[in-house]
Amino acid sequence: RIKAEKDAKMLETLMLEQKSKQEKWMEEHRMLTEETLEKRIAEEKSKIDATLADAKAKEEARLAEEQKRLVDAQLEQRLAEMRILEIEADRIRAEKEAERLEQRFSEEKSALSAKLSEAERARSDDETRLVEEKTKVAALISEAEMKLTMQLEKFEEERLKISKEKEAAAAERAEAQRKAEEADAARIKAEKDAKMLEIMLSEQKLKQEKWMEEQKLLSKETLEKRIAEEKSKIDAVLAEAKAREEARLAEEQKRLVEVQLEQRLAAEKSKLDAEIAAVEEKIRRELELLESRKSVKEEAAKAVEEEAENENEEELDISPPATAPPLEEEELALPDEALGSIEDLPKLSSTTSDVLTADVEALELISMCQADFDSTYSTDVSSSAESCLLPTDYPFVSLLRDSSPYIVNHRHSTIVYHIPGDLISDGEKFNSVMDDIALTWLFGMKIVLCVGCRTQVSQRLNKLEGKPTKLKSGVRITTDTALRVLEEEAGFGRFEVERQLNRCLRSKGANCNVVSGCFITAKKYGVVDGVDYQYTGYPKTLQTDRINRFISRGDVVLLTPLGFTEDGEALNIKSEQLAGFTAGALKASKVVYFSTKPLVMRGSNNSRDANANQRIQMIQRSNALQILSHHGLKIHGKTGFPHWSSPTAAARTPKVQSYLLKMGWATDALDKGVERAHIIACDDGALLEELFTARRGYGTCISQDDYEAPHPEDQNDDLLMDDVGAGVIGW
């Protein structure tokens, strides 16, 4: 037995060594394969880049030549317009036509310049070359202007030929513009194909790395499983045979991995070579097509020049034509090559625009001023020609930047919202609150909703009993009739919350499930201070595992103020207490209480107090306990029952009593591990400003004493006193 144990230990050591060698070999082999693949990819990419650079250089040279020709035609057109001003009244129509053609040419040239600028930004390494080309074009323009000035007298003698030359120049300009657009489309397509190829190469590399990792894990798992099986059958007789078997398996696994890797590399290489060849062939065809179009254009230009020379001595009619002759169907037809290139262009989703409904001739292009981020914004654009047509105030940008720490901090955190019954009755506020809750879900927060229906139950009971219902210590005494009404109104409240949440999410292009069920086990209060609360109870346990599973997959969990005993008996649970208990059980980041009649705290009128006449938005747990103790309220740690002992005059009013009860259950939630509790108003956007801004809340925030805020300005330093005495806190 001792020998067997010794052999087993030795075998275990050998197996561990073999395993480490196997892992080391796999890692070296993987690194070698990655280096080889990266080297091949880099070589192929360099070849493609060289081909694209050559094609782009040729294309840019051709574009420069085309741009020079366009500039020459534009200068000729301007000179023709200057001469036409001296012609008789019957040529006014021709002058307007020339101006319209010039404006159209300027727009088309601006569009072409915008496309070229976009290509320059996409290829930063060609920026210097394009700047030089622009400089050359500017020099050519200056030289052309000097030549035109010197030939002004010569153009005076050839005034009768202006009309013919203008039409020929317009036709040539339109043809050149069309060819330039086709060339630009072909260049953009070539760049797009190159980017797609780069993306495919990167995806292929990621797939290769993923496959290697899977193979490594598969080999490791298979080897560990085989070792575990063999280890259970270890004995002295089979020790040597087991070692040989493991060595053989490792060798077979090694050969299998090598064969699979070689097959995968060969397949991927052949696929990559085919794609590269297809791209190169496409680029070659595009270049041939561009060369053929260029030769056709040069021949057409020569033909126009010859025709102009032959008609130099003839007397021309310069009166504008009555109507332009309709184009024949053959003239409108495009060559098959041009149609093929047009089909390859990306399809636009829509060609409609509000601008197209305006008068095209009345449109004008003006400079767009740079927006400066200040508060001065004027909508009057008629005061001067340089008025800015853009708003100069961007508060959204600064707000979004300031909110980014909160968005990051709240993402994937759990938050419990308490929705009171009187909020459901207020349609406008209810809609806005549900919109804000849906937005927090879109930000990635895990949401649990606790829905109350106290207002609806009280209204129903008032009608049934003919007298207003009373609450003892802020807690309802639930009779059989009240329990029946509560069950009905709880179902109505759940339906309304689900309906509004579904509406809000669908309006934002999202959707989620709302889950509700028997998550709560409750227990009766029984007789407290001589009062039998009958079917009123408190939450005892919560199925946190089920709730966490639902909210982790993006569902919203909805809880109603109904709990069930272990015997299946329904009990009424105060919804505010349920929200605090749920937040504590789930270790939520926040619990938020909405209030339709909100209150805020402020300092006293004592000028010596640091908080004199100041609004107090943020307090710590210790301050909240002092405030509750001052007003005579204490929450029972186990049952959550509110005990009042000598309440102050302010605490006897319904609004202040409701506020203090929320603060008490919020403090109880903090004792159970919740980071922060909020008591906020139901105003439009109040929730968003409370959660995602600093110092702009809509209520009271209570946090742990040692809470570390996500924003430097969001610290709990509003309440600076050690003792909360009478008159320090006002409402």
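Keep in mind it's a predicted model, so treat the numbers as computed, not measured.

Draft legend 1. Up close: the overall build of the chain. The helix and strand inventory of the chain stands at 18 helices and 21 strands. For the chain, the proportion of its 731 residues judged to be buried stands at 39%. A separation of at least 24 residues holds for 75% of the contacts in the chain among residues at least 6 apart in sequence. Just so you have it, the chain exposes about 43000 Å², and 52% of that area is on carbon and sulfur atoms.

Draft legend 2. Structural view of the sheet that holds strand β1 (residues 414–419). A sheet is described by the order of its strands in space; here eight strands give the open sequence β5-β10-β2-β1-β13-β19-β20-β16, paired in mixed fashion. The open sheet terminates on both sides in strands that have one partner only, identified here as β5 (514–515) and β16 (618–620). With respect to the sheet, helix α11 (residues 427–442) is in contact with β1, β2 (446–451), β10 (556–559) and β13 (590–595), its orientation differing from that of β1 by roughly 170°.

Draft legend 3. Structural detail: helix α14 (residues 544–552). Taken together, the buried positions of α14 are I547, F550 and I551. Burial along α14 is one-sided: seen end-on, the buried residues are contained in an arc of 90°. Among the exposed residues of α14, those pointing more than 90 degrees away from its buried face are D545 and S552. Residue G554 follows α14 closely and has a positive phi angle near 100°.

Draft legend 4. Structural context of the pattern of salt bridges. As enumerated under the stated definition, the model contains 23 salt bridges in all. R553 is the salt-bridge partner of D555, the closest N and O atoms lying 2.6 Å from each other. With a relative accessible area of 6%, D555 lands in the buried category. In this structure, K672 engages D668 in a salt bridge whose closest nitrogen and oxygen atoms are separated by 2.6 Å. Salt bridges sharing partners connect three or more residues here, namely E175, R178, K179 and E182.

Draft legend 5. Representation of the environment of G664 within the structure. Secondary-structure assignment places G664 in helix α17 (residues 654–671). In this structure the C-alpha to C-alpha distance between G664 and I635, which are 29 residues apart in sequence, comes to 6.1 Å. If we ignore the near neighbours within four places in the chain, the residues touching G664 are L628 and I635.

Draft legend 6. Geometry of the packing of aromatic side chains. Inspection of the entire model under this criterion finds seven aromatic pairs. Centroid distance F519 to F550: 6.2 Å. Interplanar angle 80°. Geometry classified as edge-to-face. One end of the pair, F519, is in the loop between β5 and β6 (520–524); the other, F550, is in helix α14, and 31 residues separate them in sequence. Overall, F519 belongs to the buried group, its relative accessible area being 1%. Accessibility expressed as a relative area gives 13% for F550, which makes it buried. Between Y533 and F641, the aromatic rings sit 5.3 Å apart at their centres with planes inclined by 75°, giving edge-to-face as the arrangement. Highlighted residues: Y533 in the loop between β8 (531–532) and β9 (536–542) and F641 in the loop between β17 (633–635) and β18 (642–644), separated in sequence by 108 residues. By relative accessible area, Y533 is classed as buried at 2%. Members of the aromatic cluster, each reached through a chain of ring pairs, are Y525, Y533, Y538 and F641. A cation sits over an aromatic face here: R549 above F550, 6.0 Å from the ring centre.

Draft legend 7. Here's a closer look at the pairing of β2. Counting buried positions along β2 gives five out of six residues, so the element sits mostly inside the fold. The pairing of β1 with β2 spans six bridges and is parallel. Counted as the bridge partner of V416 is V448 from β2. Note that β2 and β10 share three bridges and pair parallel. Residue L449 lies in a different strand from β10, and its bridge partner there is L558.

Draft legend 8. Spatial organisation of the packing of α11 against helix α13 (residues 480–507). Packing of α11 against α13 leaves a shortest axis separation of 9 Å and a crossing angle of 60°. Taken together, the axes of α11 and α13 lie oblique to each other. The way α11 lies across α13 gives a crossing that is right-handed. When α11 is examined against α13, the residues F430, N431, M434, D435, A438, W441 and L442 are found in contact with a partner set consisting of E496, V497, Q500, L501, R503, C504 and L505.

Draft legend 9. Region of interest: the nonpolar core. Ranked by size, the top nonpolar core spans 46 residues in total, and within it F519, V591 and M663 carry the most contacts. Once residues lying within four places of it in the same chain are set aside, the contact partners of M663 are M601, I619, A624, I627, L628, I679 and I702.

Draft legend 10. Structural view of α13. Between its first and last C-alpha atoms α13 spans 41 Å; for 28 residues at 1.5 Å apiece the expected length is 40 Å, and the two agree. Immediately beyond the C-terminal end of α13, within one or two residues, lies G509, with a positive phi of roughly 80°.

Draft legend 11. Local environment of the pairing of β13. Buried residues dominate β13, accounting for six of its six residues. The alternating pattern of β13 places K590, V592 and F594 and V591, Y593 and S595 on opposite faces, both of which are buried. Alignment of β1 against β13, held across four bridges, turns out to be parallel. For V416, the partnering residue across the bridge sits in β13 and is V591. As judged from the six bridges shared by β13 and strand β19 (residues 676–681), these two strands associate in the parallel manner. By the bridge assignment, K590 is partnered in β19 with R676.

Draft legend 12. Spotlight on the environment of A174. Along the chain, A174 falls in helix α5 (residues 162–232). Overall, A174 belongs to the partly exposed group, its relative accessible area being 48%. Counting along the chain gives 69 residues from A174 to F105, while the straight-line C-alpha distance between them is 8.3 Å.

Draft legend 13. Quick peek at unusual backbone geometry. If you check the backbone angles, K587 has positive phi at about 55° while not being a glycine. Of note, K587 is situated in the loop between α15 (575–586) and β13. With phi around 50°, S646 is a residue other than glycine that occupies positive phi space. Along the chain, S646 falls in the loop between β18 and α17.

Draft legend 14. Region of the structure containing the confidence of the model for the chain. With 78% of its residues at a pLDDT of 70 or more, the chain shows a mean pLDDT of 77. Scored below 50 in pLDDT, residues 312–358 shows 30 contacts in the model against residues more than four places distant or in partner chains. The low-confidence segment residues 716–730 (pLDDT under 50) makes 46 contacts with residues lying over four places distant or belonging to another chain.

Draft legend 15. Main features of the packing of helix α16 (residues 621–630) against α17. Remark: α16 packs on α17, axes separated minimally by 10 Å, with the N-to-C direction vectors making an angle of 140°. By the angle between their axes, α16 is oblique relative to α17. Our pair here, α16 against α17, has a crossing hand that is left-handed. Contact residues: R621, A624, L625, I627 and L628 in α16; L660, M663, G664, T667, L670 and D671 in α17.

Analysis parameters
Residues numbered from 1 in each chain as written. Predicted model: local features only at pLDDT ≥ 70, side-chain atom pairs only at ≥ 80, totals over all residues. Heavy atoms only, no water. Helix = DSSP H or I, 4+ residues; strand = E, 2+ residues; numbered from the N terminus. Buried < 20%, exposed > 50% of the residue type's maximum accessible area, 1.4 Å probe, protein only. Contact = heavy atoms within 4.5 Å. Areas by Shrake-Rupley, 256 points an atom, 1.4 Å probe, with all protein chains shown as cover. Pairing = 2+ DSSP bridges. Axes fitted to C-alpha atoms, helices over the stretch in contact; angles between N-to-C directions. Arc of directions from axis to C-beta. Salt bridge = Lys/Arg side-chain N within 4 Å of Asp/Glu carboxyl O. Phe/Tyr/Trp six-rings, centres within 6.5 Å; stacked < 30°, edge-to-face > 60°. Lys NZ or Arg CZ within 6 Å of the ring centre and 35° of its normal. Parallel < 35°, antiparallel > 145°, perpendicular 65-115°, else oblique. Left-handed = near helix turned anticlockwise from the far one by under 90°. Core = buried A, V, L, I, M, F, W, Y, C linked by side-chain atoms within 4.5 Å. Expected span 1.5 Å × (residues − 1). pLDDT = per-residue confidence, 0-100.

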